[in-house]
Amino acid sequence: MNRRPEPRLVRSLATAATSPAAPVPPPPPPQLPASKPPRLAAPFVAVLLRRGRAAAASLLTRSLRAAPGPEALSLLSALPTIRDAFSYNAALAALCRPGRGVDLPAALALLRDMEREPHPGGRPTAASYTTVMRGLCAARRAGEAVGLLRTMQASDVRPDVVTYGTLIRGLCDAAEVDAAVELLNEMCESGIEPNVIAYTGLLRGYCKSGRWQDVGKVFEEMSRRGIEPDVIMFTDLIHCLCKAGKTGKAAKVKDMMVERGLKPNVVTYNVLINSLCQEGSVREAMTLKKEMVQKGVAPDVVTYNTLISGLSGVLAMDEAMELLEEMVQGDIVVEPDATTFRSLIHGLCKMGRMFQAAKVREMMAERGFMCNLVTYNFLIHGFLRVHKVNMVMNLMNELLSSGLEPDSFTYSILINGFSKMWNVDRAEKLLCTMRQHGIKPEQAHYIPLLAAMCQQGMMERATILFNEMDKNCGLDVVAYSTMIHGACILGDTKMVKQLIKDMLEEGLTPDAVTYAIIINMFAKLSDLEEAEKVLKQMTASGFLPDVAVFDSLIKGYRAEGQIDKILELIHEMRAKDVALDPKIISTIVTSLTDEDGKLLEGLPDFTKELLQGHAASGVHELTI
């Protein structure tokens with residue numbers, strides 16, 4: 001709870017001298033009773049200034065502005081009864097300051113207190129109303145802000161250009177552009193000349209509403225009034241164009257700035273560079289960076305971070321690392337921040353360059369920056385890919401000791417990584433730890449572990465996990481396909497048929513992968529009749545058998561010596577326009593040649609043409 005400042009704080013402010021060495025003036029001599037009525041006391045800050053206490057007045061105003069809202073109100077209430085607009089306005093600024101706990105009800109209440117002040121010096125000024133209007137506009141309450149304008153006018157307080165500019169911007173941010181235009185017209189009719197800030201707000205409103213045809217009108221009206229657009233206005237327009245995906249037009253606006261004698265600043269260039277990187281045009285962004293240096297505009301950390309992130313996104317890590325070196329050792333040193341290092345680490349981990357990723361992380365730690373959870377996830381994933389288990393466990397310990405908690409994605413990375421290494425026990429333990437920490441496992445956590453168990457023939461453990469998955473998050477085609485694949489590896493046709501039955505009963509349709517797995521199993525078991533049934537089901541379900549399915553069937557028929565079936569499959573592949581690869585051509589040639597390497601007699605012409613065509617292409621040597 002904020003304590004109310006003691007009155008002695010106010011007294012110390014009141015007696016603060018302009019210089020520490022200033023002598024304390026002697027007390028004034030006693031005065032005789034006045035024959036006239038006493039003069040009305042002046043406001044507090046005015047008294048301080050009249051007594052030469054400018055430092056105390058300045059300190060009071062800064063204290064009111066800098067304090068959090070409740071503290072500012074407490075300090076204001078501790079002042080003498082006669083207060084002034086300066087003190088009130090400073091407190092209003094504290095209550096309406098973005099990012100510091102805005103308290104608009106308190107600000108509006110304080111403004112009403114000002115309106116009731118008996119002394120004219122304590123009543124609201126244009127700055128008082130404008131401060132609260134700015135807070136209302138920031139809270140997307142532009143309508144109330146305009147209402148406050150009418151209250152202000154009714155109180156005979158004249159709005160100024162800042163008041164109108166604040167409201168115009170607030171209305172445009174709320175997409176009420178027409179209301180903003182009316183307010184601009186009202187402003188001009190009342191004799192207040194609009195400035196570039198007011199027009200910048202209107203420009204932003206047109207851009208935000210997609211009214212690009214009206215943007216030119218803003219510049220035309222400014223030209224009629226003799227108001228020159230500034231760098232901020234052009235940069236705003238460039239930013240709006242980039243957000244709308246009009247980067248090319250934004251670049252032309254930048255060139256227009258130069259033609260009008262305005263120099264684009266680092267923000268202008270950063271907006272364009274970011275837009276180019278977002279579009280994947282990183283090379284063009286790098287060219288723009290060279291241009292800005294040539295024009296005497298020094299890149300800042302935002303420039304470098306944007307380019308490094310863009311280069312990392314396209315895995316151009318050598319150039320990204322060169323930019324880091326330029327930052328710390330170039331002609332103009334730009335201190336990297338946490339974002340710089342994180343972008344580099346993410347890109348290096350994607351490429352598997354873990355030694356460099358570790359080095360960048362060391363540099364990051366030397367500068368006092370910590371990894372966030374996303375960066376830890378990238379590092380863990382990268383080291384798992386190269387099977388550096390000790391490094392992974394060290395990272396996990398470090399993550400926990402830094403106060404971070406692994407999330408669902410962290411566990412997904414770990415389980416997937418250890419499952420791919422066939423370290424089923426560790427992956428299963430991680431799944432258990434995840435549940436203990438209150439994170440509900442999803443299919444992304446179960447499937448890699450299930451696949452590892454099935455590939456190693458651990459079907460009993462896989463069945464237990466499969467049933468647990470069914471209970472916790474449900475089963476999908478991938479889960480069934482994984483189990484079917486495991487059963488196929490063991491040649492357990494009974495289990496395969498039961499899984500297919502269960503799958504269909506749940507309303508799930510096998511996909512092309514599932515069908516291919518089953519056909520391959522039956523072909524290997526020489527159960528070609530069953531394989532043909534599955535092939536027909538696959539075709540009826542709208543899936544086109546791929547070359548691997550035909551390869552399995554041809555091998556099965558070759559083992560049975562059924563040349564006619566092989567020819568039927570070749571004809572079917574031709575009819576379905578299945579692209580042949582070297583593997584299946586080799587299978588066909590092996591199946592249709594005799595011991596002397598010659599084609600069997602009596603083959604159809606289309607088969608000979610097929611094989612001759614591939615032989616002419618050098619796919620397989622064949623004697624015809």
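What you see is a predicted model, and the numbers here were worked out from it, not measured in a lab.

Caption draft 1: Just the packing of aromatic side chains, in detail. Using the criterion set out here, one finds four aromatic pairs in the structure. With 6.1 Å between their ring centres and 45° between their planes, F341 and F369 make a pair best called tilted. Note that F341 is positioned in helix α19 (residues 338-351) and F369 in the loop between α20 (354-366) and α21 (373-385), a separation of 28 residues in sequence. Owing to a relative accessible area of 0%, F341 belongs among the buried residues under this scheme. When its relative accessible area of 26% is taken as the criterion, F369 is described as partly exposed.

Caption draft 2: Representation of the environment of A93. Inspection of the secondary structure puts A93 in helix α5 (residues 85-96). Judged by relative accessible area, A93 falls into the buried class, the value being 17%. Linking A93 and P68, residues 25 residues apart in sequence, is a C-alpha distance of 10.0 Å.

Caption draft 3: Representation of the side chain of S312 in the model. By the element assignment, S312 lies in helix α17 (residues 301-313). Among the residues examined, S312 registers a relative accessible area of 5% and is labelled buried. What S312 contacts, discounting residues up to four positions off in sequence, is M317, A320, S343, L344 and G347.

Caption draft 4: Geometry of the environment of Y88. For Y88, the position within the fold is in helix α5. Residue Y88 is classed as buried on the basis of its relative accessible area of 3%. Taking the C-alpha atoms as reference points, Y88 and D113, separated by 25 residues in sequence, lie 9.5 Å from one another.

Caption draft 5: Structural view of the nonpolar core. One finds I168, L202, L379, I380, M483 and I484 to be the most contacted residues of the largest nonpolar core, which totals 169 residues. Beyond its immediate chain neighbours, meaning those up to four positions away, I484 contacts V496, L499, I500, M503, T514, I517 and I518.

Conventions and cut-offs
- Residues numbered from 1 in each chain as written.
- Predicted model: local features only at pLDDT ≥ 70, side-chain atom pairs only at ≥ 80, totals over all residues.
- Heavy atoms only, no water.
- Phe/Tyr/Trp six-rings, centres within 6.5 Å; stacked < 30°, edge-to-face > 60°.
- Helix = DSSP H or I, 4+ residues; strand = E, 2+ residues; numbered from the N terminus.
- Buried < 20%, exposed > 50% of the residue type's maximum accessible area, 1.4 Å probe, protein only.
- Contact = heavy atoms within 4.5 Å.
- Core = buried A, V, L, I, M, F, W, Y, C linked by side-chain atoms within 4.5 Å.

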